[in-house]
Amino acid sequence: MGDGKGKYIIIAGAGKVGWNLARELLEKGNEVTVIEDNRNRYTTVEQELEHNIQYGDASELWVLERAGISRADMVIAVTGDDEDNMLICQVAKEKYLVDRIIARVNNPRNRPHFELLGIKPYVSATDLILRLLEHEVPEYGLVHLLDLPEERLEIIEMLLADDSRVAGERVGDLNMPEGSLLISILREGQGGFVPTPDTVLEAGDEVLAVLDPGLEEELKVFFGSDGDGAG
Amino acid sequence: MLREGHEVSCLDEDPEAHARLEVNLDRSWEDAGGQFTVGTGLEEEALTSAGIERADAFIASTDGDNTNIVIAQIAKRKFNVPTVIARILDPLRAEWYEKQGVNTICPTRVAIEMLEKEVLEAAAGSG
């Protein structure tokens, strides 16, 4: 603990996510305890993880204490139950003062509850797949590359369509929406570069912009095509 | 509580649970002034349609401790219900959340105290 050596990490839930995570973290030289409350699953995983897994309900405080939560550097709750994940992280953070927590969101509709209880960061497989879809399916137009809700900052990427209203404009002449800034252009054959005021935008460019959250729609319109064909 | 003239709204994910409300009731639950909504306490729309926004008190008593702890906090922090109570079976969790300002009822604790009292009284009587 501490001096750059491995961390002590408690993982609640030995499902596919928990088990594989434990394996990876152990390989990287961390100390790991997985907690699993299904006896059959525990027995299966115990054959490989041996003393690195304990049987019990990780939302019971004595089980967490038996696993040594007071000296844990990180608690990761990846059970299949969102309430359990929320509770485990809440007590880890507020009762046992664990520095870092990570929670898994099974049902994306529960995301507001994680936020309400201050459980972050959280990971939702559904959201991750949606993000990938956004990236792979161009019709989505605007791709979130980075979201920092705390810092109120986002970085997005947009493809300029053939009839984009800003194609042919000098960057210096762009009247970007307030709270947004063009930071980079990815152009076929040229790779990515930081534009100067004299750079002229071309259809097919992928533009990267940093913006305040909530400006996505405005930027979509700004970089997009004129609906009425006037552009 | 209905009999005492309060307005009571129940939320349950099982539509069949409605029948249980009418046991020992001479009319339907609705005719008696009750409200019943199908849904779970984690769905905000369900809570809203059950009338949480105008509730004076909210009781989280599903069969899951963690569910109750989470929805009690939603009721309190999100909907600002003045009185919120969570039923928590596990005494350790109940004790800690009570300290965090969540009103809790721990049936396990209550049962232990009652049993203890009975046992001690019986022992005193026979001794």
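Residues numbered from 1 in each chain as written. Chains lettered and ligands numbered in written order. Predicted model: local features only at pLDDT ≥ 70, side-chain atom pairs only at ≥ 80, totals over all residues.

### Re the sheet that holds strand β3 (residues 57-60) of chain B
All names here are of chain B.
- Ordered by their spatial adjacency, three strands build an open sheet running β3-β4-β5, and the pairing between neighbours is parallel. Since the sheet does not close on itself, it has two edges, and those belong to β3 and β5 (103-105), each with one partner. Averaged over all neighbouring strand pairs, the angle between strand axes comes to 25°, with direction disregarded.
- For strand β4 (residues 83-87) and β5, the ladder comprises three bridges, and the chain directions are parallel. (Pairing = 2+ DSSP bridges. Helix = DSSP H or I, 4+ residues; strand = E, 2+ residues; numbered from the N terminus. Axes fitted to C-alpha atoms, helices over the stretch in contact; angles between N-to-C directions.)

### So, the nonpolar core
Residues and elements named next belong to chain A.
- Ranked by internal contacts, the top residues of the largest apolar core, which has 59 residues, are Ile10, Ile11, Val34, Val75, Ile88, Cys89 and Ala103.
- With near-sequence residues (within four places) excluded, Cys89 lies in contact with Val75, Ala77, Ile101, Ala103 and Ile119.
- Leu160, Ile185, Leu208 and Leu219 belong to the second largest nonpolar core, which has 13 residues in total. (Core = buried A, V, L, I, M, F, W, Y, C linked by C-beta atoms within 7 Å. Buried ≥ 20, exposed ≤ 12 C-beta atoms within 10 Å, placed from the backbone. Contact = placed C-beta atoms within 7 Å.)

### Looking at the sheet that holds strand β2 (residues 31-36) of chain A
All names here are of chain A.
- Reading across the sheet, the six strands line up as β3-β2-β1-β4-β5-β6 and stay open at both edges, with parallel pairing between neighbours. The open sheet has two edge strands, β3 (53-55) and β6 (122-124), and neither has a second partner. Sheet twist, expressed as the mean angle between neighbouring strand axes with direction ignored, is 20°.
- Here strand β4 (residues 74-77) runs beside strand β5 (residues 100-105); their pairing, made up of four bridges, is parallel. Bridging across to β5, Ala77 finds its partner in Ala103.
- Each of β2 and β3 is contacted by helix α2 (residues 39-49), which is oriented at about 155° to β3, the strand it contacts most.

### Looking at the confidence of the model for chain A
- Averaged over all residues, the pLDDT of chain A is 89; the fraction at 70 or higher stands at 92%.
- Segment residues 227-231 of chain A is flagged for pLDDT under 50; beyond a separation of four residues in sequence, or across chains, it makes four contacts in the model. (pLDDT = per-residue confidence, 0-100.)

### What to know about the domain arrangement of chain A
- By domain assignment, chain A separates into domain 1 (8-128) and domain 2 (137-223).
- Here domain 1 of chain A and domain 2 of chain A have C-alpha centroids that lie 38 Å from each other. (Domains from an automatic or database assignment.)

### Here we look at the pairing of β2 of chain A
Residues and elements named next belong to chain A.
- Counting buried positions along β2 gives five out of six residues, so the element sits mostly inside the fold.
- The pairing of strand β1 (residues 8-12) with β2 spans five bridges and is parallel. Paired with Ile10 across the strands is Thr33, a residue of β2.
- Read as a crossover between parallel neighbours, the route from β1 over helix α1 (residues 16-27) to β2 is right-handed.
- Sheet analysis places β2 next to β3, joined by three bridges and oriented parallel. Residue pairing across strands places Ile35 opposite Gln54, the latter belonging to β3. (Right-handed = clockwise from strand over helix to strand, strands pointing away.)

### Details of the interface of chain A and chain B
- Contacts between chain A and chain B engage 14 residues on the former and 14 residues on the latter.
- Among the elements of the structure, α3 (61-66), α4 (82-94) and α5 (111-116) of chain A are those that each provide at least two residues to the side of chain A that touches chain B.
- For the side of chain A that touches chain B, the residue count by class is seven nonpolar, three polar and four charged. (Nonpolar A, V, L, I, M, F, W, Y, C, P; charged D, E, K, R; others polar.)

### Description of the pairing of β4 of chain B
All names here are of chain B.
- Burial along β4 is one-sided: Val84 and Ala86 are buried, and none of Thr83, Ile85 and Arg87, which face the opposite way, are.
- As judged from the four bridges shared by β3 and β4, these two strands associate in the parallel manner. Bridged to Ile59 within β4 is Ile85.
- What joins β3 to β4 is helix α3 (residues 65-77), and the crossover it makes is right-handed.
- Each parallel crossover has a hand, and the one from β4 via helix α4 (residues 91-99) to β5 is right-handed.

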